[in-house]
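# Topology and contacts: notes
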Amino acid sequence: MSLIIVDQFSKTSPKLRSHFEKITKDDHSPDRFVWDFWNKPGRYVHLRTPAVRFFPEPLFKKIESELLAFGEEHLGCRSLSPLWLSCYINGCEQRWHADRPHGPWAFVLSLSPEDIQFSGGETMLLKPAVLNFWNSVSQLGNQSFEENDVVERVTPTFNRLTVFDPRIPHGVSPVQGTMNPLEGRLVLHGWFTQPRPHYKGTIATEKIETALAQFDEHLGDDLSQKMNEGIFSSSGTAAYRIVIAPTGKVSKVIALAHSLASAEPEGAYRDHRFLTTLVTDHFRAHSFPKAKTGSSLTLPLTIVGATED
Ligand SMILES: [Fe+2]
């Protein structure tokens with residue numbers, strides 16, 4: 001499943017939490033009157049506000065830059081959607097939905113209390129097993145079947161960053177147990193966007209662009225052939241980091257996060273292996289110009305149905 005969990009994500013989180021507590025405990029602060037009751041019957045109910053308006057600018061910029069750095073380093077995404085701050089108290093929830101086409105990866109950074117008193121408030125994701133439901137039923141025989149067999153639940157532990165493919169049906173289980181926002185499920189959330197190649201180093205831009213254009217052509221041809229043969233069935237993103245030595249030779253190709261998904265059992269695994277081999281073989285055979293230092297090229301690939309972007 002395309003799910004990444006990073007605990008203790010940032011040293012900025014305690015400062016964000018402190019600011020929330022300071023504002024919320026001050027009955028007379030005008031800054032506390034920024035919340036909207038986001039009530040969409042049958043879909044969502046919680047309090048939310050644009051994070052950029054809630055937090056002081058230096059604090060907001062700090063967490064934004066940390067999230068941007070994470071997206072670039074691990075997902076090959078260069079940008080973020082506007083960030084939301086949401087608070088869930090008694091009865092608040094998100095029903096099952098998918099986010100298309102907000103961005104290739106969604107994220108939730110929990111700023112909930114360290115000592116959680118409420119129940120619920122988990123991020124819920126439908127497991128890929130549902131795509132293979134009848135096969136799994138025959139394998140399980142008469143074994144019992146519970147909700148957690150098909151639902152992944154991530155608790156909103158303080159400072160936990162949860163990143164997932166927002167095409168997966170997901171939601172937030174109903175929060176019960178408190179009407180006090182200070183005790184509620186507090187999360188900063190949004191989407192990583194703009195999966196685009198990114199080069200860090202001193203090789204001239206046109207040389208990098210040439211290598212990328214050659215790869216695009218190569219990938220397009222190979223992918224069309226595989227799809228026509230019915231042996232590539234995934235869609236999603238797959239990011240790679242190509243490490244270039246000062247000699248101009250590619251010393252390493254690192255597979256970063258991917259969200260390839262296929263209704264075919266093992267299809268995503270097979271297709272990711274195919275893409276990894278293709279990227280590795282292509283760039284290892286490519287000669288970049290010599291440079292004084294090593295450099296790296298981050299390459300996110302977006303596979304949309306039967307075509308590639
Ligand atoms: Fe969502």
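Definitions and limits used
Positions within a chain are numbered from 1, following the residues in the order the chain's sequence is written. In keeping with the model being predicted, local features are shown solely for residues with a pLDDT of at least 70 and side-chain atom pairs are shown and tallied solely at 80 or more, while totals for entire chains, interfaces and linings include all residues. Excluding hydrogens and water, the side-chain figures rest on all heavy atoms present in the structure. Per the convention used, a helix needs a DSSP run of H or I reaching at least four residues, while a strand needs a run of E reaching at least two, with both numbered from the N terminus. Note on definitions: a residue-residue contact is assigned when non-hydrogen atoms from the two residues lie within 4.5 Å. What fixes the domain bounds is an automatic or database domain assignment. Summed over both partners, the accessible area (1.4 Å probe) lost when two parts come together is defined as the buried area. Take a side-chain nitrogen of Lys or Arg and a carboxyl oxygen of Asp or Glu: if they are within 4 Å of each other, that pair is a salt bridge. Buried, partly exposed and exposed residues are distinguished by accessible area as a fraction of the type maximum, computed with a 1.4 Å probe on protein chains only: under 20%, between the cut-offs, and over 50%, respectively. Only strands joined by at least two bridges in the DSSP assignment are considered to pair.

## With respect to the side chain of Ser-13
Within the element layout of this structure, Ser-13 appears in helix α1 (residues 13-25). Excluding residues within four positions of it along the chain, Ser-13 makes contact with Leu-109, Leu-111, Phe-158 and Asn-159.

## Remarks on the domain arrangement of the protein chain
Under the domain assignment used here, the protein chain contains domain 1 (3-194) and domain 2 (198-308). Just the C-alpha atoms count here: the centres of domain 1 and domain 2 sit 31 Å apart. With 14 residues of domain 1 at the interface, the matching set in domain 2 holds 17 residues. Taking both partners together, domain 1 and domain 2 bury about 1,100 Å²; carbon and sulfur atoms supply 51% of that area. Of all residues in domain 1, Glu-72, Trp-105 and Arg-167 bury the most surface against domain 2, accounting for 37% of the area lost on that side. The interface formed by domain 1 and domain 2 holds 2 salt bridges in total.

## A look at the pairing of strand β12 (residues 185-195)
Burial analysis of β12 places 9 of its 11 residues in the buried class, which makes it a mostly covered element. Relative to β12, strand β4 (residues 77-80) runs antiparallel, the two sharing 3 bridges. Residue Ser-79 lies in a different strand from β12, and its bridge partner there is Thr-193. Examined bridge by bridge, strand β5 (residues 84-88) and β12 share 5 bridges and lie antiparallel to one another. Within the sheet, the bridge partner assigned to Leu-85 lies in β12 and is Leu-188. In this structure, strand β7 (residues 105-110) lies alongside β12, joined through 6 bridges in antiparallel fashion. Across the sheet, the residue bridging to Ala-106 is Trp-191, located in β12.

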